[in-house]
Amino acid sequence: MTEAYDVITVGGGLAGAALAKRLAENGMRVLVLEREVAFRDRVRGEQMHCWGVAEARTLGLYELLLEACGHEVRYWSDQLVGFSEFGRRDLVKTSPHRAGSLNFYHPDMQAVVIGAAASAGATVRRGARVVELISNGLPGVRVHEDGNGERVYRARLVVGADGRNSVCRRWGGFHVERDSEGMVIAGLLMEGLAAPEDRMSASVNPRRSMISLTVPLGAGRFRAYVSIHKDAIESTAAPLSGEANFPAFLTASIASGAPSKWYEAARAAGPLASYDARDTWVSHPHRAGLVLIGDAAASNDPSWGCGLSLTLRDVRVLADKLLASDDWSGAADDYAAEHDRHYGVIHRLTGWARALFYHPSLVADAAREAALTRLVADRTRSLDIVGIGPDFPCDETTRRRFFGED
């Protein structure tokens, strides 16, 4: 049996479900294929920067998420260990979008957005595992559905929204590029953490090539992260994964500069996991009726918290292009070109920040100390990844000011 749609999204997480919602609201026949019957907790991003919140507003997701599972945080607090103490930035007053950070427990967010897609008229299949991409004739997929055997679905456009380990990307023959160096990130859902709940708290320790970030989710829960540059990890150090390494995770958090008193009564409320945080991406994520969005198209180092915001930028751009044209091949090409631009800016900015703050050998110690001292004295030298993101200038003048070379 074969069924035809306008768009099929492979994946019903934020990327696939948000796109399905937007297109279905505008009269398109959309099929969402999600392999998980129930979303489960994993270590993933759980906050949107100011510019991501602006995308959520445009897509009609902001109010839904805020009411159902969101925790809005107005302030960003950070310190540069050895150079500055914790300061506090009012994101609503200082970001062009007049928005704070929107945080949420990831499985709750997924349930809200896929529910919104269904309410908008999209067809949602849970427990549906895509086993083959069909490229002859109208694009399509072969799907194994729990209890229903295999079926074939076809559409004008198939959208791979299946994450950083995308099978659609492999089936489509896209060439995957990776940074040669990067961070290792560990994350853990915690309760009893005595960190402030009205702000994001980041502690950067450039002399140890580490950062910790605490993301308040509301109701006394936090997602805590620690990132360490891979070249600064001792070869004998245990990976920060698994229940047995909870004490090591706390030690690393404190070593990055987070106050030790925050962790005195802290306890784990979910799995502890770590993984390679290097960027992976494809150039021009469209070919022959297959488009990639979200982490399937480009996964930015999660140490910078841009993943969910980049995903919604992809969704909004692709939806706008498809809704504005009958030439979907051209519209998908236009999306791919814009995706390369906005991801490219984030990749460049976060690469500069990683080099200055965390890379133990790329920048000479004396040059790093001088640049960081100038940065603390003049915050206009900073890269506004949180407030402005992919619309922030990323030219040579910006780079030279950030590195203190002007």
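Report follows, based on the coordinates.

Parameters at a glance
Residues numbered from 1 in each chain as written. Predicted model: local features only at pLDDT ≥ 70, side-chain atom pairs only at ≥ 80, totals over all residues. Heavy atoms only, no water. Helix = DSSP H or I, 4+ residues; strand = E, 2+ residues; numbered from the N terminus. Pairing = 2+ DSSP bridges. Salt bridge = Lys/Arg side-chain N within 4 Å of Asp/Glu carboxyl O. Buried < 20%, exposed > 50% of the residue type's maximum accessible area, 1.4 Å probe, protein only. Contact = heavy atoms within 4.5 Å. Phe/Tyr/Trp six-rings, centres within 6.5 Å; stacked < 30°, edge-to-face > 60°. Lys NZ or Arg CZ within 6 Å of the ring centre and 35° of its normal. Core = buried A, V, L, I, M, F, W, Y, C linked by side-chain atoms within 4.5 Å. Disulfide = S-S within 2.5 Å. 1 Å grid on protein atoms, 1.4 Å probe; cavity = no way out; pocket = protein on both sides within 12 Å on 5 of 7 lines; lining within 4 Å. Points joined across faces, edges and corners; volume = space filled by probe spheres on them. Nonpolar A, V, L, I, M, F, W, Y, C, P; charged D, E, K, R; others polar. Axes fitted to C-alpha atoms, helices over the stretch in contact; angles between N-to-C directions. Parallel < 35°, antiparallel > 145°, perpendicular 65-115°, else oblique. Left-handed = near helix turned anticlockwise from the far one by under 90°. Patch = residues over 30% accessible without salt bridge, like charges linked within 9 Å, V, L, I, M, F, W, Y side chains within 5 Å. Areas by Shrake-Rupley, 256 points an atom, 1.4 Å probe, with all protein chains shown as cover. Lys, Arg positive; Asp, Glu negative; His and termini not counted. Charge placed at Lys NZ, Arg CZ, Asp CG, Glu CD.

**Points about unusual backbone geometry**
Turning to step 1, where the next piece is worked out: Non-glycine residue Ser-209 carries a positive phi angle of around 55°.
Turning to step 2, where the next piece is worked out: Here the phi dihedral of Ala-219 falls at roughly 55°; this positive angle occurs in a residue that is not glycine.
Turning to step 3, where the next piece is worked out: Here Ala-219 shows up in the loop between strand S15 (210–218) and strand S16 (221–229).

**Some words on the sheet that holds strand S22 (residues 298–299)**
Turning to step 1, where the next piece is worked out: The strand order across the open sheet formed by 3 strands is S12-S19-S22, and the pairing between neighbours is antiparallel. Where the open sheet ends on each side, the last strands, each with one partner, are strand S12 (177–178) and S22.
Turning to step 2, where the next piece is worked out: In terms of strand pairing, strand S19 (residues 280–281) meets S22 through 2 bridges, oriented antiparallel. Paired with Trp-281 across the bridge in S22 is Ala-298.

**Structural notes on the sheet that holds strand S3 (residues 47–48)**
Turning to step 1, where the next piece is worked out: Spatially, S3-S7-S4 is the arrangement adopted by the 3 strands of the open sheet, whose pairing is antiparallel. The sheet is open, and its two edges are formed by S3 and strand S4 (71–73), each paired on a single side.

**Quick word on the pattern of salt bridges**
Turning to step 1, where the next piece is worked out: As enumerated under the stated definition, the model contains 30 salt bridges in all.
Turning to step 2, where the next piece is worked out: Its salt-bridge partner being Asp-41, residue Arg-223 comes within 2.7 Å of it at the nearest N-O pair. Pair noted here: Arg-223 is in strand S16 and Asp-41 is in the loop between strand S2 (30–34) and S3, with a separation of 182 residues, a long-range link.
Turning to step 3, where the next piece is worked out: Look at Asp-41 and you get buried, because its relative accessible area is 18%.
Turning to step 4, where the next piece is worked out: The closest approach of N and O atoms between Asp-365 and Arg-368, which form a salt bridge, is 3.9 Å. Here the residue Asp-365 and the residue Arg-368 both occupy positions in helix H10 (residues 365–377), the gap between them amounting to 3 residues, near one helical turn.
Turning to step 5, where the next piece is worked out: What makes Asp-365 exposed here is its relative accessible area of 57%.
Turning to step 6, where the next piece is worked out: Residue classification places Arg-368 among the buried residues on the basis of a relative accessible area of 5%.
Turning to step 7, where the next piece is worked out: Connected via shared salt-bridge partners are Arg-22, Glu-55, Arg-313, Arg-316, Asp-320, Glu-338, Arg-341 and Asp-391.

**Some points on the side chain of Thr-398**
Turning to step 1, where the next piece is worked out: Within the fold, Thr-398 resides in helix H11 (residues 396–402).
Turning to step 2, where the next piece is worked out: Once you skip the residues sitting within four places of it in the chain, Thr-398 turns out to touch Trp-352, Leu-383, Phe-392 and Pro-393.

**Details of the packing of aromatic side chains**
Turning to step 1, where the next piece is worked out: Within the structure shown, the criterion is met by 7 aromatic pairs.
Turning to step 2, where the next piece is worked out: Between the aromatic rings of Phe-357 and Phe-402, the centroid separation amounts to 5.9 Å while the plane-to-plane angle is 90°, which identifies the pairing as edge-to-face. You can see Phe-357 sitting in helix H9 (residues 328–357) and its partner Phe-402 sitting in helix H11, a full 45 residues away along the chain. As far as the burial class goes, Phe-357 and Phe-402 line up, both buried.
Turning to step 3, where the next piece is worked out: Joined through ring pairs, the aromatic side chains of Trp-304, Phe-357, Tyr-358, Phe-402 and Phe-403 make up one cluster.
Turning to step 4, where the next piece is worked out: Here Arg-221 stacks its cationic end above the ring of Tyr-105, 4.6 Å away from the centre of that ring.

**A look at the nonpolar core**
Turning to step 1, where the next piece is worked out: One finds Val-141, Ile-293 and Phe-357 to be the most contacted residues of the largest nonpolar core, which totals 113 residues.
Turning to step 2, where the next piece is worked out: Among the elements that line this core, the one with the most residues is H9, at 14 residues.
Turning to step 3, where the next piece is worked out: Residues contacting Phe-357, with those up to four places away along its chain left out, are Leu-80, Val-204, Pro-206, Trp-304, Leu-372, Leu-375 and Phe-402.
Turning to step 4, where the next piece is worked out: Formed by 21 residues, the second largest nonpolar core is a distinct cluster that contains Leu-188, Met-210, Phe-246 and Ala-258.

**Digging into the state of the cysteines**
Turning to step 1, where the next piece is worked out: Counted by the stated rule, this structure contains 0 disulfides.
Turning to step 2, where the next piece is worked out: Between Cys-50, a cysteine without a disulfide, and Cys-306, which holds the nearest cysteine sulfur, the sulfur-to-sulfur distance is 11 Å.
Turning to step 3, where the next piece is worked out: Here Cys-50 falls in the buried class, since its relative accessible area comes to 1%.

**Regarding empty space enclosed by the protein**
Turning to step 1, where the next piece is worked out: Evaluation of the coordinates by the stated rule reveals 1 cavity of 30 Å³ or more.
Turning to step 2, where the next piece is worked out: Looking at the largest cavity, its volume works out to about 40 Å³.
Turning to step 3, where the next piece is worked out: Elements with a contribution of two residues or more to the lining of the largest cavity: helix H8 (307–323) and H9.
Turning to step 4, where the next piece is worked out: It is H8 that provides the largest number of residues to the lining of the largest cavity, a total of 4 residues.
Turning to step 5, where the next piece is worked out: Taken together, the residues that form the lining of the largest cavity break down as 3 nonpolar, 4 polar and 1 charged.

**Structural notes on helix H2 (residues 50–58)**
Turning to step 1, where the next piece is worked out: Within H2, 7 of the 9 residues are buried, which leaves it mostly tucked inside the rest of the structure.
Turning to step 2, where the next piece is worked out: Looking at the buried residues of H2, the elements they touch are S3, helix H3 (62–68), helix H4 (91–94), strand S7 (101–103), H8 and H9.
Turning to step 3, where the next piece is worked out: Gly-60 lies just past H2 and shows a positive phi near 75°.

**Considerations on the packing of H8 against H9**
Turning to step 1, where the next piece is worked out: Relative orientation of the contacting elements H8 and H9 amounts to 155°, with a least axis distance of 9 Å. Between H8 and H9, the crossing angle belongs to the class labelled roughly antiparallel. The crossing of H8 and H9 is right-handed. Taking contact as the criterion, the partners of Leu-310, Arg-313, Asp-314, Val-317, Leu-318, Lys-321 and Leu-322 in H8 are, on H9, Trp-328, Ala-331, Asp-334, Tyr-335, Glu-338, His-339, Arg-341, His-342, Tyr-343 and Ile-346.

**Thoughts on a negative patch on the surface**
Turning to step 1, where the next piece is worked out: Together, Asp-326, Asp-327, Asp-333 and Asp-334 line one region of the surface with negative charge.
Turning to step 2, where the next piece is worked out: Inspection of the secondary structure assignment puts Asp-333 in helix H9.
Turning to step 3, where the next piece is worked out: Looking at Asp-333, the relative accessible area reads 31%, which means it is partly exposed.

This is a description of form; function is not addressed.
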